[in-house]
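# Residue-level structure breakdown
Single-letter residue listing:
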Amino acid sequence: MELAHLIQSSQVENVRVSCPLTPPVAGTLCVSSHHLLFSAYPVEGKRQEKCNLWLLHCAVDSVEKSVHNMGMLKGKESSQDGEGRSSSGIVTLRCKDLRVIQLEIPGMEETLNVARSVQALSSLDSITLCYPFFFRPPGCKLGKGWPRDTMENFYYKLKEQTDSWRLSEVNEHFKVCPSYPEKVIVPVSCSDETLRRAAAFRQGHRFPILSYYHRTNKMVLLRCAQPLVGPTRRWCEEDEMLLNATLTGQLRGFIIDIRTEQEAKQARSAGGGCESKDRYPKWRVLHRPLGRGHVLQSSLSRLVDACYDPYLGMSRWISRLQSSHWMSHVKEALSTAGLAAECIEREDTCVLVHGEEVADNTLLVTSLAQLILSPDCRTMSGFQDLIEREWLQAGHPFHLRCAKFGWSQRRSQQESPNFLLFLDCCWQLTLQFPRSLEFNETFLCTLATHAYSSEYGTFLCNNEKERRLYKVQEQTHSLWGSLNNFKQRQNLLNPIYEKNPLVIWPSVAPQSLRLWEGFFLRYLLPTKHREMSWQRIWELVSEDY
């Protein structure tokens, strides 16, 4: 059995399990290579066939254990038992989907064994030992759902609108930029040699490429990494040529730098920087700073701590929510994306987005801007294509960024909930425009859960190069293939959706933004009445048709 050497106790009897919103039950706990399984005892004393708990180890964010002696409570009974039975312990599992599961285990040794086993199995470093490589659901074939919206499909749709762009294979075998896909869309007037030289001038070799084409006025949205200006103020003619070629006759364009002006200047001393007015006279730089890295991760941790503190009063809760600054990050992300959309739609200008990090907040802004501008991206299929193109193929490092959630104290500097912030912003849009997006809140919660722990291979690895190396498409199942199953898909659709061809402008006023309680509080608040409401809406809609 795989990973058997990490399992110190494979089965424990008389374990009492407490799960969110359900009463505690006693039964048998089993530790397997990839799951924690629990089967409750029936009233008659017979074992139930159905598991009451089927928890992926990779879904566990932190493991807490406490052991206490039960001799004082058991009295004579405990004195007759062995030393191992004279004590019990509690293992608390805090999960990445925000469940808090308590296991009351008889025996100190068994308690420690279970805790150590889960801790080891939830912290595996090897990609190939992850559960998606072992998951084989009945009736499903490998390859279903792969690939999703390849760059070729995106380009063929673009080609129907304009002939100013071409599909370049300059990054074949990922030899120019390891975090880009092999094929990228660039101006037709720029040769592959120009792209190679421009790539050498950008951090991580992430040169400017097309992210979105606005068919209404033919403006474009681009993304790239920061230029390597450095303290000597380096410059690159090919990079300037590439950017000017994207303007396609326009007099000006906007560069949205998601850092403060001071941060951009400081980055120059480390070899980075920002585009200068002298070298890029047709482009105007706008600084719109967004929280990133450990700032964003710490904000999430403070929010989770506040949500699960049972002793908070109303005023204290509001204070803790405000001090977490999570809602401020939501506001700034929507505001910056709205600015990019406004430049394209109302100012009739092209927009380039970049920051210091390689593939985090840049993707957050470009994907949100497309959701605001394009009705196609608001459909179930279009939104999946958007995530595939702007997050997965664009090289967002899911394996690093989603290694831990908001519970664990054992964090590195790599974790950052950028994708979760994106989904939160999408939920805000569903709240403000309840009929304009085809998917519902359940779909967004499902994506958030699978980004952090999944039996599917869609969010594995950090970029397309790694997914190719580990043969993810050949050896794992696609999440999209599962979600697009007819029965599953029906639960993820918005019953009151109507296609809205207009741009949806989000409000970032404090009164317009809310805590995403359907995700952050979903295991604290009962969902029965909400589910009944949605079921009734479906019934009413079905009657109309």
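Residues numbered from 1 in each chain as written. Predicted model: local features only at pLDDT ≥ 70, side-chain atom pairs only at ≥ 80, totals over all residues. Heavy atoms only, no water.

Before going further, it helps to spend a moment on the nonpolar core. Within the largest apolar cluster, 133 residues are counted, with the highest numbers of intra-cluster contacts made by L103, F383, F422 and F520. By residue number, the principal contributor to this core is helix α10 (residues 326–345), which donates eleven residues. Among the nonpolar cores identified, the runner-up in size contains 13 residues, and C177, Y180, V184 and C190 belong to it. (Core = buried A, V, L, I, M, F, W, Y, C linked by side-chain atoms within 4.5 Å. Buried < 20%, exposed > 50% of the residue type's maximum accessible area, 1.4 Å probe, protein only. Helix = DSSP H or I, 4+ residues; strand = E, 2+ residues; numbered from the N terminus.)

The final tally for this structure, using the stated rule, is 23 aromatic pairs. Summarising the aromatic geometry, the rings of F459 and W480 are spaced 6.4 Å apart at their centres and angled 70 degrees between planes, so their arrangement reads as edge-to-face. Here W480 lies in helix α18 (residues 479–483) and F459 lies in the loop between α15 (441–452) and α16 (464–469), a separation of 21 residues in the sequence. You'll find F459 and W480 in the same group, each marked buried. The lysine or arginine in question, R279, covers the ring of W235, its NZ or CZ lying 4.1 Å from the ring centre. (Phe/Tyr/Trp six-rings, centres within 6.5 Å; stacked < 30°, edge-to-face > 60°. Lys NZ or Arg CZ within 6 Å of the ring centre and 35° of its normal.)

Attention shifts here to the environment of C58. Here C58 shows up in the loop between β4 (53–56) and β5 (60–69). Under the relative-accessibility criterion, C58 is labelled partly exposed at 26%. Each C-alpha atom of the pair C58 and A403 lies 8.9 Å from the other, and the pair is 345 residues apart in sequence. Apart from residues no more than four positions distant in its own chain, C58 is found in contact with K96, Y452, S453 and S454. (Contact = heavy atoms within 4.5 Å.)

Now for the layout of surface pockets. Left-over empty space is what a probe sized like a water molecule reveals as it rolls over the atoms. Empty space within the largest pocket amounts to approximately 1400 Å³. Residue lining of the largest pocket: 45 residues in total, with E441, T442, C445, T446 and R522 positioned closest to the centre. If you list the elements that add at least two residues to the lining of the largest pocket, you get β4, α14 (418–432), α15, α19 (486–490), α20 (517–520) and α21 (528–544). By residue number, the principal contributor to the lining of the largest pocket is α15, which donates six residues. Per-class residue counts for the lining of the largest pocket are 19 nonpolar, 16 polar and ten charged. Each pocket or cavity is described by its volume, and for the second largest pocket that value is around 700 Å³. (1 Å grid on protein atoms, 1.4 Å probe; cavity = no way out; pocket = protein on both sides within 12 Å on 5 of 7 lines; lining within 4 Å. Points joined across faces, edges and corners; volume = space filled by probe spheres on them. Nonpolar A, V, L, I, M, F, W, Y, C, P; charged D, E, K, R; others polar.)

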